[in-house]
Amino acid sequence: MTGLGTLLRHVHELMDGAITDLYTDLGLPEYRPRFSPVVRTLVSRGPMAIRDLATAIGVTHSAASQTVLQMRRCDLVTLEKGADARQRIVHLTARAHAMLPAIEAEWAATERAVRELDAELPVPLAEVLRATVEALERRPFRERLDAPRAG
């Protein structure tokens, strides 16, 4: 019997792997799908602090920081000191700007593919995931685990 965590990871691997393969086909083998929300946010809002970036893309500060560091190693972003010495402002590099047509084309292809997938599902995948997040925000999973068992 396959557990929920295994199913979630497998769905993510199937989708993320296909997008990674597409980037390789586009000549961007080092580019990762997790970079796109960062790139798109910086394009639309301009340079910003990692904490603000994390909030904008809906991830933890730690996750955003790790992604930004990976992007820095690929010469896609630079970091500059902010007003507060602890703050780092993320900027896209010229290399990232040059990749924008391919990134935007992949994003559009992903959106089309998700719409097609959703048409095959009883409920759109994002709708189920958003409802799940909302339910877990109302009552955390740990609380559900700790709840007394009905006898």
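Everything in this summary refers to the structure shown in the same document.

### Examining the sheet that holds strand S2 (residues 77-81)
Part 1 of the reasoning: The strand order across the open sheet built from three strands is S1-S3-S2, with neighbouring strands paired in antiparallel fashion. Single-partner strands in this sheet number two, and they are strand S1 (48-49) and S2.
Part 2 of the reasoning: As judged from the five bridges shared by S2 and strand S3 (residues 88-92), these two strands associate in the antiparallel manner. Paired with Glu 80 across the two strands is Ile 89, which belongs to S3.
Part 3 of the reasoning: Strand contacts of helix H2 (residues 36-45): S1, S2 and S3, with the helix running at about 90° to S3, the strand carrying the most contacts.

### Remarks on H2
Part 1 of the reasoning: Those residues of H2 lying buried are Ser 36, Val 38, Val 39, Thr 41 and Leu 42.
Part 2 of the reasoning: Downstream of H2 by one or two residues, Gly 46 has phi in the positive range, about 85°.

### What to know about the nonpolar core
Part 1 of the reasoning: Core analysis: the biggest nonpolar cluster contains 24 residues, and Tyr 31, Leu 42 and Leu 76 have the highest contact counts within it.
Part 2 of the reasoning: Counting only elements with at least two residues in this core, the list comes to helix H1 (4-25), H2, helix H3 (50-57), helix H4 (61-73), S3 and helix H5 (94-120).
Part 3 of the reasoning: The element contributing the most residues to this core is H5, with four residues.

### Points about the pattern of salt bridges
Part 1 of the reasoning: Applying the stated criterion across every chain, the model contains five salt bridges.
Part 2 of the reasoning: The closest approach of N and O atoms between Arg 95 and Glu 30, which form a salt bridge, is 2.5 Å. In this pair, Arg 95 is assigned in helix H5 and Glu 30 in the loop between H1 and H2, connecting sequence segments 65 residues apart.
Part 3 of the reasoning: Residue class for Arg 95 comes out partly exposed when judged on its relative accessible area of 32%.
Part 4 of the reasoning: The exposure class of Glu 30 is partly exposed, given its relative accessible area of 23%.
Part 5 of the reasoning: Here Glu 143 makes a salt bridge to Arg 139, at a shortest N to O gap of 3.2 Å.
Part 6 of the reasoning: The partly exposed category is assigned to Arg 139, whose relative accessible area is 31%.

### Digging into the packing of H1 against H5
Part 1 of the reasoning: One can describe the packing of H1 onto H5 by two numbers: an axis separation of 11 Å at closest approach and a directional angle of 145°. The element H1 and its partner H5 pack so that their crossing is right-handed. In this structure, H1 contributes Met 15, Ile 19, Leu 22 and Tyr 23 to the contact, and H5 contributes Ala 102, Ile 103, Glu 106, Thr 110, Val 114 and Leu 117.
Part 2 of the reasoning: When grouped by side-chain class, the residues that make up the contact of H1 with H5 number eight nonpolar, one polar and one charged.

### Remarks on the pairing of S3
Part 1 of the reasoning: With respect to burial, S3 is a largely interior element, four of its five residues being buried.
Part 2 of the reasoning: Note that S1 and S3 share two bridges and pair antiparallel. Across the sheet, Ala 49 pairs through a bridge with Ile 89, a residue of S3.
Part 3 of the reasoning: Where S2 folds back onto S3 in an antiparallel hairpin, the turn is made up of six residues.

Definitions and cut-offs
Residues numbered from 1 in each chain as written. Predicted model: local features only at pLDDT ≥ 70, side-chain atom pairs only at ≥ 80, totals over all residues. Heavy atoms only, no water. Pairing = 2+ DSSP bridges. Helix = DSSP H or I, 4+ residues; strand = E, 2+ residues; numbered from the N terminus. Contact = heavy atoms within 4.5 Å. Axes fitted to C-alpha atoms, helices over the stretch in contact; angles between N-to-C directions. Buried < 20%, exposed > 50% of the residue type's maximum accessible area, 1.4 Å probe, protein only. Core = buried A, V, L, I, M, F, W, Y, C linked by side-chain atoms within 4.5 Å. Salt bridge = Lys/Arg side-chain N within 4 Å of Asp/Glu carboxyl O. Left-handed = near helix turned anticlockwise from the far one by under 90°. Nonpolar A, V, L, I, M, F, W, Y, C, P; charged D, E, K, R; others polar.

Honestly, that's just the spatial picture; any functional story needs more than this.
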